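A closer look at the structure
Spelled out, the chains give:
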Amino acid sequence: MNNKNESLEIKKIRKNYLVNIIWQWEIILPFIFIMVVIINSNLSPYFLDYTNLMNTTFNFIEKAIIALPMMFVIICGDIDISVASIIALSSVFMGMASQAGVNTFGLVVIGLFAGLAAGFLNGFIITKFGIPAIAVTLGSMSLFRGIAYVILGDKAFTKYPTSFAFFGQGYIGNTMIPFELILFFILAIIFGIILHKTTIGRKVFAIGNNSTAARFSGIPVNRVRLAIFTVTGLCSGLASILLTSRIGSTRPNIASGWELEIITTVVLGGVAITGGKGNIFGVVISIFIIGFLKFGMGLINIPGKVMTIIIGLLLILAIMLPQLLERLKPKNSFGSRLMKRAVFKMKLKVGYEEEYKKRHNEIWPELKEELSRAGIYDYSIFLDKETLTLFAVQKLKENNTVEKLPSKEIMKKWWDYMQDIMETNPDNSPVITSLEEVFHMD
Amino acid sequence: MMELFKKREFNLFVFILFIIFGVSLRTPSFLYINNFIDVLNDTAILSMVAIGQLMIIVTGGIDLSVGSSLALSGMSVALLNQYHPGIPIFMIILISIAIGLLLGSINGLLVSQAKIPPIITTLGTMSIYRGLVFVLCKGTWVSAHEMTEVFRMFPRRSFLGISSLIYLSILTVVLFLIFLNLTRTGREIYGVGGNKIASQYVGISLKKIQYIVFTLCGGITGLAGFLWVARYAAAQSETAIGFELQTIAACVIGGVSIMGGSGSIIGVVLGAFFMGIVYNALTMINVSPFWQMAIQGFIILFAIIINTVMDKRNQQLMLRKRNFYE
């Protein structure tokens, strides 16, 4: 009997598992993406144009390249709000070098190295002193952009070698595919493989779920975090090269406010801000959702400031929606919201207290089986000795068949057997009064 | 006396005196009382909003939307003043506070009821409120000549040589000192930050506390919004951009633990004052204003590293003492 019950339970859990997968955020995201594309292409005939679509990626791919390592940072349970300032810092260094006549290759090296060094500094302070990442990157955010202001003031670097323009403006061969876009996809594949297919990725998830437990299981938590912050800096340096090359100039306020947009993208992509959960596909789709949404809104002349309202709403809804779904989601019978209870009272005849107890102690196994087959579990009957009221509480499974019980042979037999000691109806079934629930606590 | 030395607030105070001394060696005019009143005027709004931020950080949260809600409430009352100049100033102040309370309570509801982490909630509302400022003003400014004299001059009206701005900030400090230290709810705020789970076991409602701190911070921010646009005699869609980071910086410099559970109003006010003194000193010794941001960043990093190192040393000292007496 027990085995049967368990297998039923397992089947139900399996069913719920499938439901869980369907409700997962990463599965919902593509539909949102498709919706964005359909709505946009209905609103403007210029949206679904190959050249336009390719060219609009220029506007968000630099952010996307930082969103990839940012995903690692957030899965680890950290955050980095200094990325946009790193862009400014490394752009200023490239500008200085370019002014001094350094060639394109040299500029790329300087850009990457400046980013790497800045990211390392973040990671070093965070891990060495054990300070929360938000506090450290808040400081370095001011520091890095501040240095850019100190160097540039209100001036701008505009002199860059012609060949430097390729990174941010170039296309692959004769196609209309931007170099940046290809670079992003290559990086996305690399980051995806590292996160989901290597032990490094498993370590990142472990740290995000419980960093203390991760340390005790031998994961060099701080070294992994240091590496992640350094790579985030490196990618910010890379984004800085692309952005500087694309706009061909450096001002100290370059890329301001990007950090928040990048974090929004990552969180919208289903990465838990509390760490430990995330999926590369979610983040990549989210990048394109936000990118195309902004492009579409631009086509129908919605001002940028109004777009920020929509992005902000999207962010909050994106977090609320999975929680709402969680509430609606069917759960297995353990502590389920859909779990029902039947609570009622019956009346015992005088002097049969012991007899009632005795008969229930030797309850027929067939009856027990029938009751549990009907979906009843966790069934108790209490006796109030003063009034001889029997008080019964039973939990009912979701798809119970209790209404069919009275027609079962075994049930009738039990009632016949019990009628001499209880108050009964003409058909020998006990007189039952249902009770109203007036308080509940989980 | 030794107890006093251990206190972060005291260290910060000594550090401030040290800077004042150093700068005054080079520029004696730095020591003029008027200069200090200028600094107080410059930091009054910052220290008020930083107190709101403090309460949120103490519960383990953060509010990134203060700059935007300051701008939104400021813009609302500036427009109100422009189109209905007849509305008396105290009504304007009340409306400004009410708008702030409303914006703060939206944050509070999202955090406490919808259970969205504070950093995400306020990241979202920061964009939303900022966008709404733009929608309200349609990208234009409300400038000095469009404001009434009473509105514009309110923060400058002075009594005994001290402006109403400073009086209001002192009032805020005193009110919240009493609230945080002497009321049950105030102590519960620290309790929640110290240990969320334990505080719930002793019957503190986390939801209630979260809602209260965000709403109160909103209220202060609303008042600050009016003071800001009146003081600078301009309201625009970029008002107070990046201000949220300054308030967090004032908290961090003032020794508030970003993890929650500890931090004092005195520390935060000193933190804000410290930032004001440093900017003022930079101008005095003729350092280009472009240095401000870099120095602010450096100070934040320096302050949190010092605080963390001192904390760890104190903990070790405590452990060692205990072992000794055992």
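Fair warning: this is a prediction, and the values are worked out from it, not measured in the lab.

1. Notes on the overall build of chain A
In terms of regular secondary structure, chain A is built from 18 helices and four strands. Its C-alpha radius of gyration of 32 Å places chain A more than 25% over the 22 Å reference for a compact globule of 442 residues. The principal-axis extents of the C-alpha atoms in chain A amount to approximately 105 × 55 × 35 Å. The buried share of chain A, taken over its 442 residues, is 47%. Restricting to contacts in chain A with at least 6 residues of sequence separation, those with at least 24 account for 77%. Surface summary for chain A: the accessible area is close to 22,000 Å², and the carbon and sulfur share equals 62%.

2. Details of helix H12 (residues 243-253) of chain B
In an α-helix, one turn spans 3.6 residues, which is why side chains three or four residues apart end up on the same side. Residues and elements named next belong to chain B. Burial analysis of H12 places 10 of its 11 residues in the buried class, the great majority of the element. Of all the residues in H12, the buried ones are Phe243, Glu244, Leu245, Thr247, Ile248, Ala249, Ala250, Cys251, Val252 and Ile253. In the segment just after H12, Gly255 is the residue with positive phi, at about 90°.

3. Structural notes on the packing of aromatic side chains
Evaluation of the coordinates by the stated rule reveals 24 aromatic pairs over all chains. Arranged with centres 6.1 Å apart and planes meeting at 10°, the rings of Tyr149 of chain A and Phe290 of chain B form a pair that is stacked. Pair noted here: Tyr149 of chain A is in helix H7 (residues 133-152) and Phe290 of chain B is in the loop between helix H13 (265-284) and helix H14 (291-325), and the two residues belong to different chains. Given the relative accessible area of 28%, Phe290 of chain B is considered partly exposed. Ring geometry for Phe166 of chain A versus Phe179 of chain A: centroids 4.9 Å apart, planes at 45°, classification tilted. Of this pair, Phe166 of chain A sits in helix H8 (residues 166-169) while Phe179 of chain A sits in helix H9 (residues 179-197), and the two are 13 residues apart along the sequence. The class of Phe166 of chain A is partly exposed, set by a relative accessible area of 37%. Looking at Phe179 of chain A, the relative accessible area reads 19%, which means it is buried. An aromatic cluster of at least three residues, connected via ring pairs, comprises Phe33, Phe60, Phe184, Phe185, Phe288 and Phe292 of chain A. Of note, Arg215 of chain A hangs over the ring of Phe216 of chain A, and the distance from its end group to the ring centre comes to 6.0 Å. Directly above the ring of Tyr417 of chain A sits Arg359 of chain A, whose terminal nitrogen or CZ lies 4.6 Å from the centroid.

4. Description of the packing of helix H3 (residues 33-58) of chain B against helix H11 (residues 206-231) of chain B
Residue and element names in this part refer to chain B. Running from N to C, H3 and H11 point in directions that differ by 165°, and their axes come no closer than 8 Å. By the angle class used here, H3 and H11 are roughly antiparallel. The chirality of how H3 crosses H11 is left-handed. Two secondary-structure elements touch here, H3 through Asn41, Asp42, Ile45, Met48, Val49, Ile51, Gly52, Gln53, Met55 and Ile56 and H11 through Val213, Phe214, Leu216, Cys217, Ile220, Thr221, Leu223, Ala224, Leu227, Trp228 and Arg231. When grouped by side-chain class, the residues that make up the contact of H3 with H11 number 15 nonpolar, four polar and two charged.

5. Side note on the pairing of strand S1 (residues 340-347) of chain A
Bridging between S1 of chain A and strand S3 (residues 389-396) of chain A involves eight bridges; their strand directions are antiparallel. Counted as the bridge partner of Phe344 of chain A is Ala392 of chain A from S3 of chain A.

6. Quick word on helix H4 (residues 58-75) of chain A
All names here are of chain A. Here H4 contains 18 residues, and its C-alpha end-to-end distance of 27 Å stays within 8% of the 26 Å for a straight helix at 1.5 Å per residue. Remark: the principal bend of H4, roughly 30°, maps to Pro69. Just downstream of H4, Gly77 is the residue with a positive phi angle, here 90°.

7. A word on unusual backbone geometry
Residues and elements named next belong to chain A. Despite not being glycine, Ala255 has its phi angle at roughly 60°, a positive value. Its location among the elements puts Ala255 in the loop between helix H12 (221-247) and helix H13 (258-268). Backbone geometry at Asp378 places phi at a positive 50°, although glycine is not the residue there. On the basis of relative accessible area, Asp378 is assigned to the partly exposed category, the value being 46%.

8. Re the interface of chain A and chain B
Counting from both sides, the interface comprises 40 residues of chain A and, opposite them, 41 residues of chain B. Summing the contributions of chain A and of chain B, the shared interface buries around 3,400 Å²; its carbon and sulfur component is 85%. Among the residues of chain A in contact with chain B, Leu138, Lys305 and Ile316 of chain A are the three that bury the most area, contributing 17% of the side total. Here chain A and chain B share one salt bridge between them. Glu238 of chain B is the salt-bridge partner of Lys305 of chain A, the closest N and O atoms lying 3.0 Å from each other. Taken together, the connections running from chain A to chain B amount to three residue pairs in polar contact (both at pLDDT 80 or more). Mapped by element, the contributors of at least two residues to the side of chain A that touches chain B are helix H6 (104-129), H7, H13 and helix H15 (304-328) of chain A.

9. Concerning the sheet that holds strand S2 (residues 376-384) of chain A
The strand order across the open sheet formed by four strands is S2-S3-S1-S4 (chain A), and the pairing between neighbours is antiparallel. Looking at strand neighbours, the two that pair on one side only are S2 and strand S4 (433-434) of chain A, the edges of this open sheet.

So, how was this worked out
- Residues numbered from 1 in each chain as written.
- Chains lettered and ligands numbered in written order.
- Predicted model: local features only at pLDDT ≥ 70, side-chain atom pairs only at ≥ 80, totals over all residues.
- Heavy atoms only, no water.
- Helix = DSSP H or I, 4+ residues; strand = E, 2+ residues; numbered from the N terminus.
- Rg over C-alpha atoms; globule rule 2.2 N^0.38 Å.
- Buried < 20%, exposed > 50% of the residue type's maximum accessible area, 1.4 Å probe, protein only.
- Contact = heavy atoms within 4.5 Å.
- Areas by Shrake-Rupley, 256 points an atom, 1.4 Å probe, with all protein chains shown as cover.
- Phe/Tyr/Trp six-rings, centres within 6.5 Å; stacked < 30°, edge-to-face > 60°.
- Lys NZ or Arg CZ within 6 Å of the ring centre and 35° of its normal.
- Axes fitted to C-alpha atoms, helices over the stretch in contact; angles between N-to-C directions.
- Parallel < 35°, antiparallel > 145°, perpendicular 65-115°, else oblique.
- Left-handed = near helix turned anticlockwise from the far one by under 90°.
- Nonpolar A, V, L, I, M, F, W, Y, C, P; charged D, E, K, R; others polar.
- Pairing = 2+ DSSP bridges.
- Expected span 1.5 Å × (residues − 1).
- Bend = angle between axes of the 7 residues up to and from the residue.
- Buried area = accessible area lost by both parts, 1.4 Å probe.
- Salt bridge = Lys/Arg side-chain N within 4 Å of Asp/Glu carboxyl O.
- Polar contact = N/O pair within 3.5 Å; in protein donor to acceptor, adjacent residues only side chain to side chain.

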